[in-house]
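# Breakdown of the fold
Next come the chains, spelled out residue by residue.
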Amino acid sequence: MLSIYTELLQKRGHKIFIVSTPPRQATLIQQLRPLLRGRGWQSAPKKEQSHFDKVDVESRVLETYCPIIDKDIPDADIIMATWWETAEWAAKLSPPSKGTKVYFLEHYEAFDYVPKGRVEANWRLPMHKKIAVALWLADIARNQYGDLSVSLVPPTVDTKQFYDPLSRGKQPRGKQLVPRVGTYYSTIPWKGCDIAQKAFSIAAEKIPNLRLVAFDSRNTPHPNFQQDGTEYNKALTQYQVKEFYSQCDAWLFSSRAEGFGLPIIEAMASACQLLALLLVRLRNYLLAWVAYLSSKKTQRIWQKRSSRFVSCLMPNDGECPRLLWRR
């Protein structure tokens with residue numbers, strides 16, 4: 001999302017400078033733990049792929065993971081934080097030389113594994129402007145933190161990258177001979193990969209040859225994810241991601257919480273004609289009349305709806321509906 005905005009702003013004549021930190025170094029205990037378990041010494045983390053790798057933008061990566069301070073960044077007109085920690089760092093930078101302070105809200109980051117008090121305090125920081133990518137985030141800023149100046153700027157899809165090649169050639173898109181459901185793999189708990197696995201297992205009981213295909217850019221999948229009927233693709237390029245979407249009959253979006261849910265519109269733009277949403281509070285898509293399902297109800301609802309899911313995925317001459325179910 002940020003890399004797309006960077007390119008668009010640069011085309012409008014703005015100068016962008018990206019400052020980031022390297023991955024955290026493992027502590028001695030973290031390095032000893034796999035050694036004691038017989039998995040060998042944990043090597044230093046490799047450089048992770050970034051959406052900025054193919055963007056022609058000036059950038060700097062700090063030598064170690066530490067707070068960004070004045071000397072790390074050039075003078076600017078605007079300084080924008082994109083994560084709760086960087087919001088803390090930006091708030092301490094010297095005004096006015098480092099620029100007007102802006103907080104780009106991509107999620108409500110009060111997760112179980114972060115200090116919630118500090119996250120909540122950041123939403124009260126006297127930033128000049130907060131920019132939210134989703135309506136529910138803008139509502140939190142206004143209703144819980146009294147910030148009436150928050151702006152809503154939802155992302156969109158680059159249709160030059162994500163599109164259906166068959167529709168551009170005026171050919172109808174059929175179904176895969178082997179029905180395929182796509183999903184995004186992540187080890188982050190709120191991304192809900194366990195929900196995707198459970199939903200797939202229920203559907204596979206009625207579609208013996210159903211396949212669950214997943215992609216990710218950096219993680220090695222957990223052994224439990226590599227069950228029969230699943231396929232994992234690592235480190236796809238942006239072009240390959242589009243092809244990945246196009247080769248799926250359905251996109252399984254299983255996050256327990258999500259800022260905007262960009263893969264939803266990327267998949268639909270790439271003619272992934274079915275869409276399963278297994279979470280609540282994605283108000284961005286209310287106009288699409290998508291039913292949002294709590295993860296606690298996943299098994300019961302999937303069992304109840306599986307016959308429709310099966311009929312949508314089984315190869316035949318009928319046209320797939322774009323949504324899995326409606327309100």
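Because the structure is a prediction, the values reported are computed rather than measured. Here the residue numbering is sequential within each chain, running from 1 through the sequence in written order. Totals for whole chains, interfaces and linings use every residue, but because this is a predicted model, local features are given only for residues with pLDDT of at least 70 and side-chain atom pairs only at 80 or more, for both listing and counting. As a rule here, side-chain values cover all heavy atoms of the structure and leave hydrogens and water aside.

### Re the overall build of the chain
What counts, and what does not: The secondary structure listing takes helices from DSSP runs of H or I that are at least 4 residues long and strands from runs of E that are at least 2 residues long, numbered from the N terminus. Partly exposed residues are those whose accessible area sits between 20% and 50% of the maximum for their type, while under 20% is buried and over 50% is exposed, using a 1.4 Å probe and protein chains only. Contacts were defined at the residue level, with two residues in contact if any of their heavy atoms lie within 4.5 Å. Note on areas: these come from Shrake-Rupley sampling with a 1.4 Å probe, and a residue is covered only by the protein chains present in the view.
Looking only at helices and strands, the chain features 10 helices and 11 strands. With 327 residues in all, the chain has 44% of them scored as buried. In the chain, the proportion of contacts linking residues at least 24 apart, taken out of those at least 6 apart, comes to 64%. Split by element, the accessible area of the chain, about 18,600 Å² in all, is 53% carbon and sulfur.

### Side note on the packing of aromatic side chains
Heads up, the condition is: Two rings belonging to Phe, Tyr or Trp (six-membered ring only in the last case) form a pair when the distance between their centres is within 6.5 Å. Interplanar angles under 30 degrees mark stacking, angles over 60 mark edge-to-face geometry, and anything in between is tilted.
Under the criterion given, the structure shown has 14 aromatic pairs. With a centroid separation of 6.3 Å and 70° between ring planes, the pair formed by tyrosine 65 and tryptophan 89 is classed as edge-to-face. Here the residue tyrosine 65 occupies a position in the loop between strand S2 (58-61) and strand S3 (78-81), and tryptophan 89 occupies one in helix H3 (residues 84-91), the gap between them amounting to 24 residues. Between phenylalanine 244 and tryptophan 251, the ring centres sit 6.2 Å apart and the planes meet at 85°, which makes this aromatic pair edge-to-face.

### Details of the environment of serine 151
Of note, serine 151 is situated in strand S6 (residues 151-152). Residue classification places serine 151 among the partly exposed positions, given a relative accessible area of 24%. The spacing of serine 151 and lysine 130 is 21 residues in sequence and 6.3 Å in space, taken between C-alpha atoms. Those residues in contact with serine 151 that lie beyond four places of it in its chain are Lys129, Lys130, Ile131 and Ala132.

### Thoughts on the nonpolar core
Keep this limit in mind: To qualify as a nonpolar core, a set must consist of buried Ala, Val, Leu, Ile, Met, Phe, Trp, Tyr and Cys residues joined through side-chain atoms within 4.5 Å.
Counting residues in each nonpolar core, the largest one holds 51 residues, and the members touching the most others are Tyr108, Trp123, Leu137 and Trp251. Sort the elements by how many residues they give to this core and helix H5 (residues 135-143) lands first, with 5 residues. When residues no more than four places from it in sequence are discounted, the contact partners of leucine 137 are Leu105, Glu106, His107, Tyr108, Trp123, Ala132 and Gly259. Core analysis: the second largest hydrophobic core is formed by 10 residues, Val181, Ala203, Leu210 and Leu252 among them.

### Section: the confidence of the model for the chain
Heads up, the rule is: Values of pLDDT, the confidence the predictor places in each residue, fall between 0 and 100.
Averaged over all residues, the pLDDT of the chain is 76; the fraction at 70 or higher stands at 69%. Overall, residues 277-281 carries pLDDT values under 50, and its contacts beyond four positions in sequence, including any with other chains, amount to 29 contacts. Predicted confidence for residues 286-299 stays below pLDDT 50, and this span has 36 contacts to residues more than four positions away or in other chains.

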